[in-house]
Amino acid sequence: MTIDDFVTLVRDELGMPVTAEHIGLSLDEVPGWDSVHLLWLVTALERETGRRVALPDLLEASSLGAVHALYVPAAGAA
């Protein structure tokens, strides 16, 4: 899943008007973000990627980019 696919998923599944510019912002800086959005996003990501991520790792993610990185490991990563 590319970052563009991720942004589209956030917009479509969460109904949030995010763009690629929001990816690096702290979650509390994303307009309209609250903790419930993380639950909805995790559900959508698990459905789309088939990958589960440990809850402590998700809770440590401080930005949408960090959440994306948990579901889409860097090239060459196991």
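Residues numbered from 1 in each chain as written. Predicted model: local features only at pLDDT ≥ 70, side-chain atom pairs only at ≥ 80, totals over all residues. Heavy atoms only, no water.

Draft legend 1. Geometry of the pattern of salt bridges. The final tally for this structure, using the stated rule, is 2 salt bridges. Across the pair Arg47 and Glu13 runs a salt bridge, and its minimum N-O distance is 2.8 Å. Note that Arg47 is positioned in helix H2 (residues 35-49) and Glu13 in helix H1 (residues 3-14), a separation of 34 residues in sequence. By relative accessible area, Arg47 is classed as partly exposed at 48%. Between Arg52 and Glu46 there is a salt bridge whose closest N-O contact spans 3.9 Å. (Salt bridge = Lys/Arg side-chain N within 4 Å of Asp/Glu carboxyl O. Helix = DSSP H or I, 4+ residues; strand = E, 2+ residues; numbered from the N terminus. Buried < 20%, exposed > 50% of the residue type's maximum accessible area, 1.4 Å probe, protein only.)

Draft legend 2. Focus on the environment of Val72. By the secondary structure assignment, Val72 is in the segment after helix H4 (64-71). Linking Val72 and Arg51, residues 21 residues apart in sequence, is a C-alpha distance of 9.0 Å.

Draft legend 3. Molecular detail of the nonpolar core. Of all hydrophobic cores here, the largest spans 22 residues; its most connected members are Phe6, Trp33, Leu41, Leu64 and Val67. Looking at this core, the elements with two or more residues in it are H1, H2 and H4. Apart from residues lying up to four places away in sequence, Trp33 is in contact with Leu14, Met16, Leu27, Leu38, Leu41 and Leu64. (Core = buried A, V, L, I, M, F, W, Y, C linked by side-chain atoms within 4.5 Å. Contact = heavy atoms within 4.5 Å.)

Draft legend 4. Quick look at H2. Given a rise of 1.5 Å per residue, 15 residues ought to cover 21 Å, and the 21 Å separating the end C-alpha atoms of H2 matches this to within 8%. Burial in H2 covers these residues: His37, Leu38, Leu41, Val42, Ala44 and Leu45. Along its buried surface, H2 packs onto H1, helix H3 (55-60) and H4. Of the residues flanking the start of H2, the one acting as N-cap is Asp34, its side-chain oxygen 2.9 Å from the backbone nitrogen of Val36. Downstream of H2 by a residue or two, Gly50 has a phi angle that is positive, lying close to 70°. (Expected span 1.5 Å × (residues − 1). Polar contact = N/O pair within 3.5 Å; in protein donor to acceptor, adjacent residues only side chain to side chain.)

Any functional reading would require information beyond the geometric quantities listed.
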